[in-house]
Amino acid sequence: IPRGVKFTETESESARSEDDTASGEHEVQIEGVRVGLEAVELDDGAAVPKEFANPTDDTFMVEDAVEAIGFGKFQWKLSVLTGLAWMADAMEMMILSILAPQLHCEWRLPSWQVALLTSVVFVGMMSSSTLWGNISDQYGRKTGLKISVLWTLYYGILSAFAPVYSWILVLRGLVGFGIGGVPQSVTLYAEFLPMKARAKCILLIEVFWAIGTVFEVVLAVFVMPSLGWRWLLILSAVPLLLFAVLCFWLPESARYDVLSGNQEKAIATLKRIATENGAPMPLGKLIISRQEDRGKMRDLFTPHFRWTTLLLWFIWFSNAFSYYGLVLLTTELFQAGDVCSISSRKKAVEAKCSLACEYLSEEDYMDLLWTTLSEFPGVLVTLWIIDRLGRKKTMALCFVIFSFCSLLLFICVGRNVLTLLLFIARAFISGGFQAAYVYTPEVYPTATRALGLGTCSGMARVGALITPFIAQVMLESSVYLTLAVYSGCCLLAALASCFLPIETKGRGLQESSHREWGQEMVGRGMHGAGVTRSNSGSQE
């Protein structure tokens, strides 16, 4: 990963420094001469095209600056901070599988009320995902993220003091509403990453999701027997509290600032990153690409993006539908022993009273722990193939392997083979989910990037809402039909991945939706004036 770039030291550069000191201005105009720059060289010797990484004229875009500054200390800090947000999100989701059986026993809740406790969180997330995306595109990524995190933290802690079922139902629904904004941390994160590091970094912060689920289970093992579920809810909010304190360090996205016409703030942010990374800033004047109508739903359905949006919605729906479906099926299949034993076991269960309950045992917690560990190899496999095969083929491959493993469950296999198939299936469906998180911020322009990710996240919650009716209700009547639904859905999602019109591997992030895809990367060697005209909606 490049830490910086080498530039030729010129008289113009020293003149620029003196000018800056004298006038205090951020914008630099080189009078009469074009600054001579050497071809950019990476530390590992791989050359980046000069016209992409750094323009040879006296203007540059945010994309050029991000590429020239490279990956360094600033991005490492941002990785940990974004990871904390993901860890908190994962813990809030994992609480559902621990809280539901506990309240079922403690408050003598019927099954439908227990299920509703889970569903209300997904309803909150589904209803707010698009709203948080809209806020992030209209008012800034940092603003949207701060509000959603503080919202989730407040209602997360408050739900620990819920006196009765109706209160905890409302409060957990409000927690879900806040969690819907957490994926916007990926939007902010992606916009600070150079192209070569983007896929790897977004995938590696997904490791924090797995760490969060494991940490929640370990926390439950120690807290639940002695302190109870209320303390578990309070202690589970600690990563959110850390993030809420540290997120004030976060800068606003320079891409967003440029699009909203705030040129000085964007340059200040880029200079701050360059200083932290110990890398030079590109010379010249930052191009403004102002666009007032940001975060509009209609922009997702322009002729250029309509097909992409619809296919991505189905891909995200299928990802969540299959991922959460497999989590629910795992418990059922483990308890039965194999697929062939489920139908006979169900008949025995029907005779039990709906109020009969069992507290989670230490063995149950260990099962929860082992099933989440499959996400680590999922990240590693996706990390290895995503820059080799490309984003589209990676998603398609993950869906196909999940579908194949689902079909193999039709065979009456033993416990060990069953565990292996479930482990592989979960590794690949989580890998597909992570690939979608890489692709989606890359494919949309800055003006609608947060909204695009938000609507996709909303569709994922629809899938998560529907899946209990398949994995639990349909399973009562036919286990084979249930497996066929998941397998068929993922095969269709694999086809949808192949039909996506844009492959984002090796592409820069698009700035303004006023231009066709990839125009930023075309003709960068043209005259500065030409570039300025094509890139600025309202140049100052």
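Residues numbered from 1 in each chain as written. Predicted model: local features only at pLDDT ≥ 70, side-chain atom pairs only at ≥ 80, totals over all residues. Heavy atoms only, no water.

J.: Can you explain the overall build of the protein chain? Please cite residues and give values.
T.: In terms of regular secondary structure, the protein chain is built from 22 helices and two strands. Relative to all contacts within the protein chain whose residues are 6 or more apart in sequence, the contacts with residues 24 or more apart total 83%. Accessible surface, the protein chain as shown: approximately 21600 Å² in total, 65% of it carbon and sulfur. (Helix = DSSP H or I, 4+ residues; strand = E, 2+ residues; numbered from the N terminus. Contact = heavy atoms within 4.5 Å. Areas by Shrake-Rupley, 256 points an atom, 1.4 Å probe, with all protein chains shown as cover.)

J.: Can you break down the environment of Lys 196 residue by residue, with the values?
T.: Relative to the elements of secondary structure, Lys 196 occurs in helix α9 (residues 195-226). What makes Lys 196 partly exposed here is its relative accessible area of 44%. The spacing of Lys 196 and Gly 70 is 126 residues in sequence and 9.2 Å in space, taken between C-alpha atoms. (Buried < 20%, exposed > 50% of the residue type's maximum accessible area, 1.4 Å probe, protein only.)

J.: Quick rundown of the environment of Cys 405? Include the residues and the values.
T.: Along the chain, the position of Cys 405 falls in helix α18 (residues 391-408). Distance in space between the C-alpha atoms of Cys 405 and Leu 418 is 9.7 Å, their sequence separation being 13 residues. Look past the residues within four positions of Cys 405 in its chain and what remains in contact with it is Leu 421, Ile 424 and Ala 425.

J.: Tell me about the state of the cysteines, and please be specific about residues and values.
T.: Here the structure, examined in full by the defined rule, presents zero disulfides. No disulfide involves Cys 489; its sulfur sits 5.5 Å from the nearest other cysteine sulfur, which is in Cys 490. (Disulfide = S-S within 2.5 Å.)

J.: Account for a nonpolar patch on the surface, naming residues and giving values.
T.: Together, Val 238, Leu 241, Leu 242, Val 245 and Leu 246 give the surface a local cluster of nonpolar side chains, amounting to about 430 Å² of exposed area. In this structure, Val 238 sits in helix α11 (residues 238-246). (Patch = residues over 30% accessible without salt bridge, like charges linked within 9 Å, V, L, I, M, F, W, Y side chains within 5 Å. Salt bridge = Lys/Arg side-chain N within 4 Å of Asp/Glu carboxyl O.)

J.: Describe empty space enclosed by the protein, and please don't skip the residues or the numbers.
T.: One pass over the full model with this rule turns up five cavities of 30 Å³ or more. Approximately 190 Å³ is the volume found for the largest cavity. Taken together, 15 residues form the lining of the largest cavity, with Trp 86, Glu 206, Trp 209, Phe 433 and Tyr 437 sitting closest to its centre. Here the element with the most residues in the lining of the largest cavity is helix α19 (residues 415-443); it accounts for four residues. Per-class residue counts for the lining of the largest cavity are eight nonpolar, three polar and four charged. (1 Å grid on protein atoms, 1.4 Å probe; cavity = no way out; pocket = protein on both sides within 12 Å on 5 of 7 lines; lining within 4 Å. Points joined across faces, edges and corners; volume = space filled by probe spheres on them. Nonpolar A, V, L, I, M, F, W, Y, C, P; charged D, E, K, R; others polar.)

J.: Describe the side chain of Thr 455, naming the residues involved and giving the relevant values.
T.: Among the structural elements, Thr 455 can be located in helix α20 (residues 449-477). Within the structure, the side chain of Thr 455 is placed 3.0 Å from the backbone oxygen of Gly 452, a separation counted as a polar contact. (Polar contact = N/O pair within 3.5 Å; in protein donor to acceptor, adjacent residues only side chain to side chain.)

J.: How would you sum up the packing of aromatic side chains? Please name residues and give values.
T.: Summed over all chains, the structure comprises 20 aromatic pairs. Ring centres of Phe 305 and Tyr 444 lie 5.7 Å apart, and the angle between their planes is 40°; on these two criteria the pair is classed as tilted. In this pair, Phe 305 is assigned in the loop between β2 (285-286) and α14 (306-336) and Tyr 444 in the loop between α19 and α20, connecting sequence segments 139 residues apart. For Phe 305, a relative accessible area of 3% translates into the label buried. Considering the side-chain rings of Tyr 323 and Phe 433, the 6.2 Å spacing of their centres and the 75° angle between planes classify their relative orientation as edge-to-face. (Phe/Tyr/Trp six-rings, centres within 6.5 Å; stacked < 30°, edge-to-face > 60°.)

J.: Describe helix α6 (residues 141-158), and please don't skip the residues or the numbers.
T.: In this model α6 runs 26 Å from its N-terminal to its C-terminal C-alpha over 18 residues, within 8% of the 26 Å that 1.5 Å per residue would give. Along α6, the residues that are buried comprise Arg 141, Lys 142, Gly 144, Leu 145, Ser 148, Val 149, Thr 152, Leu 153, Tyr 155 and Gly 156. (Expected span 1.5 Å × (residues − 1).)

J.: Talk me through α18; I want residue IDs and the actual numbers.
T.: The end-to-end C-alpha separation of α18 is 26 Å, in line with the 26 Å expected for 18 residues at 1.5 Å each. Of the residues making up α18, those classed as buried are Arg 391, Lys 392, Thr 394, Met 395, Ala 396, Cys 398, Phe 399, Phe 402, Ser 403, Cys 405 and Ser 406.

J.: How would you summarise the environment of Val 80 if you had to cite specific residues and measurements?
T.: Relative to the helices and strands, Val 80 is located in helix α4 (residues 73-106). Residue classification places Val 80 among the partly exposed positions, given a relative accessible area of 47%. Residues Val 80 and Phe 243, 163 residues apart in the sequence, show an inter-C-alpha distance of 9.7 Å.

J.: Break down the packing of α9 against helix α17 (residues 375-389) for me, citing the residues and quoting the values.
T.: For the pair α9 and α17, the least separation of the axes is 9 Å and the interaxial angle reads 175°. Put simply, α9 runs roughly antiparallel to α17. Contacts between α9 and α17 involve Lys 196, Ala 199, Lys 200, Leu 203, Leu 204, Glu 206, Val 207, Trp 209, Ala 210, Ile 211 and Val 214 from the former and Glu 375, Phe 376, Val 379, Thr 382, Leu 383, Ile 386 and Asp 387 from the latter. Looking at the contact of α9 with α17 residue by residue, the classes come out as twelve nonpolar, one polar and five charged. (Axes fitted to C-alpha atoms, helices over the stretch in contact; angles between N-to-C directions. Parallel < 35°, antiparallel > 145°, perpendicular 65-115°, else oblique.)

J.: Residue-level account of the pattern of salt bridges, with values.
T.: Per the stated rule, a full pass over the model turns up nine salt bridges. The shortest N-O distance in the salt bridge between Arg 141 and Glu 191 comes to 2.8 Å. One end of the pair, Arg 141, is in helix α6; the other, Glu 191, is in the loop between α8 (184-190) and α9, with 50 residues separating them in the sequence. With a relative accessible area of 0%, Arg 141 lands in the buried category. In this structure, a network of salt bridges that share partners links the residues Asp 137, Arg 141, Glu 191 and Arg 449.

J.: With reference to specific residues and values, describe the side chain of Thr 467.
T.: Position of Thr 467 among the secondary structure elements: in helix α20. A polar atom in the side chain of Thr 467 sits 2.7 Å from the backbone oxygen of Phe 321. Of note is the side chain of Thr 467, whose polar atom sits 2.6 Å from the side chain of Tyr 486. Those residues in contact with Thr 467 that lie beyond four places of it in its chain are Phe 321, Tyr 324, Gly 325, Leu 328 and Tyr 486.

J.: Could you give an account of the packing of helix α5 (residues 111-139) against helix α7 (residues 165-179), naming the residues involved and the relevant values?
T.: Running from amino to carboxyl end, α5 crosses α7 at an angle of 30°, the nearest separation of the two axes being 6 Å. On the basis of the axis angle, α5 is roughly parallel to α7. Between α5 and α7 lies a crossing of right-handed hand. Residue-level inspection shows Gln 113, Leu 116, Leu 117, Val 120, Val 121, Gly 124, Met 125, Ser 127, Ser 128, Leu 131 and Trp 132 of α5 in contact with α7, the latter providing Tyr 165, Ile 168, Leu 169, Arg 172, Gly 173, Gly 176, Phe 177, Gly 178 and Ile 179. Classifying every residue of the contact of α5 with α7 gives twelve nonpolar, seven polar and one charged. (Left-handed = near helix turned anticlockwise from the far one by under 90°.)

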